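Coordinate analysis (summary)
The chain contents come next:
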Amino acid sequence: HDLDRLAARGREIIAAFPEGCLHTVAVKANPLPPLLGVLRDLGFGAEAASLPELILALECGFPPERIAFDSPAKTREEIALALDHGVMLNCDNLDEAARVEDILDGRAPRSRVGLRVNPQVGLGAVAMSSTAGAFSKFGAPLAEQREAILEAYLRWPFLTGLHLHVGSQGCGLDLLAAGVRAVFLLAREIEARSG
């Protein structure tokens, strides 16, 4: 690995976005501590899609508040661990958000907690790796659960974020932008209802 080139590309990414954006590297993409350390030192956060990835990110020194844990199938123990460490937690669906409520038992979370929403904006060129079609095993489907999602943000004050992912490969800029737009409009609606 060319760590100097990696650092240069990381700096280019940071410079391309407004200050304050949290850029995260998917730990599963290359779970090598020296490589992750280069990105951590540049200010990147880590995205963990499984418990081993979460543990590795913590062991590599990523600050918990800069780790996004968005496994699609978290156990109660994994949710509790993330909440105890102050890791950002993205619930995959409303059932998982209900488990967060149960685990918190009235306590305010140390973590930022969000909900993954399937914006249902279509499939990319590679259907198998697309996650924003009418049907997806990931995220709360926006069209079918819009009202339930809105009610969840009123009922659960610990929900303070929204997460989306349209797919891993073959997703063009138009599809990515459509997903962000759908979830941005949802955020505006949540804000309008909640004040």
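One can find the structure itself at the top, above this paragraph.
So, here is what we can say about the structure in this document. The structure displayed is predicted, hence computed values, not measured ones.

On to the overall build of the chain. Of regular secondary structure, the chain possesses seven helices and seven strands. If you list the helices and strands of the chain from N to C, you get α-β-α-β-α-β-α-β-α-β-β-α-β-α. On C-alpha atoms alone, the chain measures out to a radius of gyration of 17 Å, which is about the 16 Å that the 2.2 N^0.38 rule sets for 195 residues. Over its C-alpha atoms, taken along the principal directions, the chain stretches across nearly 50 × 40 × 30 Å. Taken over 195 residues, the chain has a buried fraction of 42%. For the chain, long-range pairs separated by at least 24 residues make up 51% of all intrachain contacts whose partners lie at least 6 apart in sequence. Here the chain has roughly 10500 Å² of accessible surface; of this, 56% comes from carbon and sulfur atoms. Side-chain charges in the chain split into 19 positive and 25 negative, and the spacing between the mean points of these groups amounts to 3 Å.

Moving on, we get to the environment of A177. Residue placement: A177 occurs in helix α7 (residues 173-194). Note: C-alpha distance between A177 and V166 (eleven residues apart in sequence) is 9.7 Å.

The gaps of empty space that remain are located by a probe, the size of a water molecule, rolled over the atoms. In this structure, the largest pocket occupies an estimated 1700 Å³ of space. Counting residues per element, the ones that place at least two in the lining of the largest pocket are β1 (24-26), β4 (88-91), β5 (113-118), β7 (159-163) and α7. In terms of residue count, the dominant contributor to the lining of the largest pocket is α7 (six residues). Residues that form the lining of the largest pocket fall into these classes: 24 nonpolar, ten polar and five charged.

Our focus in this paragraph is the environment of L159. Turning to its location among the elements, L159 is positioned in strand β7. For the pair L159 and L42, spaced 117 residues apart in sequence, the C-alpha to C-alpha distance is 29 Å. Those residues in contact with L159 that sit more than four places away from it in its chain are V113, G114, L115, A152 and Y153.

Below, the discussion takes up the packing of helix α1 (residues 3-15) against helix α2 (residues 33-42). Running from N to C, α1 and α2 point in directions that differ by 35°, and their axes come no closer than 10 Å. Crossing hand, α1 versus α2: right-handed. Taking contact as the criterion, the partners of L3, L6, A7, G10, R11 and I14 in α1 are, on α2, L35, V38, L39 and L42. The residue inventory of the contact of α1 with α2, partitioned by class, reads eight nonpolar, one polar and one charged.

How each quantity is defined
- Residues numbered from 1 in each chain as written.
- Predicted model: local features only at pLDDT ≥ 70, side-chain atom pairs only at ≥ 80, totals over all residues.
- Heavy atoms only, no water.
- Helix = DSSP H or I, 4+ residues; strand = E, 2+ residues; numbered from the N terminus.
- Rg over C-alpha atoms; globule rule 2.2 N^0.38 Å.
- Buried < 20%, exposed > 50% of the residue type's maximum accessible area, 1.4 Å probe, protein only.
- Contact = heavy atoms within 4.5 Å.
- Areas by Shrake-Rupley, 256 points an atom, 1.4 Å probe, with all protein chains shown as cover.
- Lys, Arg positive; Asp, Glu negative; His and termini not counted.
- Charge placed at Lys NZ, Arg CZ, Asp CG, Glu CD.
- 1 Å grid on protein atoms, 1.4 Å probe; cavity = no way out; pocket = protein on both sides within 12 Å on 5 of 7 lines; lining within 4 Å.
- Points joined across faces, edges and corners; volume = space filled by probe spheres on them.
- Nonpolar A, V, L, I, M, F, W, Y, C, P; charged D, E, K, R; others polar.
- Axes fitted to C-alpha atoms, helices over the stretch in contact; angles between N-to-C directions.
- Left-handed = near helix turned anticlockwise from the far one by under 90°.

So, to be careful, I would describe these as geometric facts and stop short of saying anything about function.
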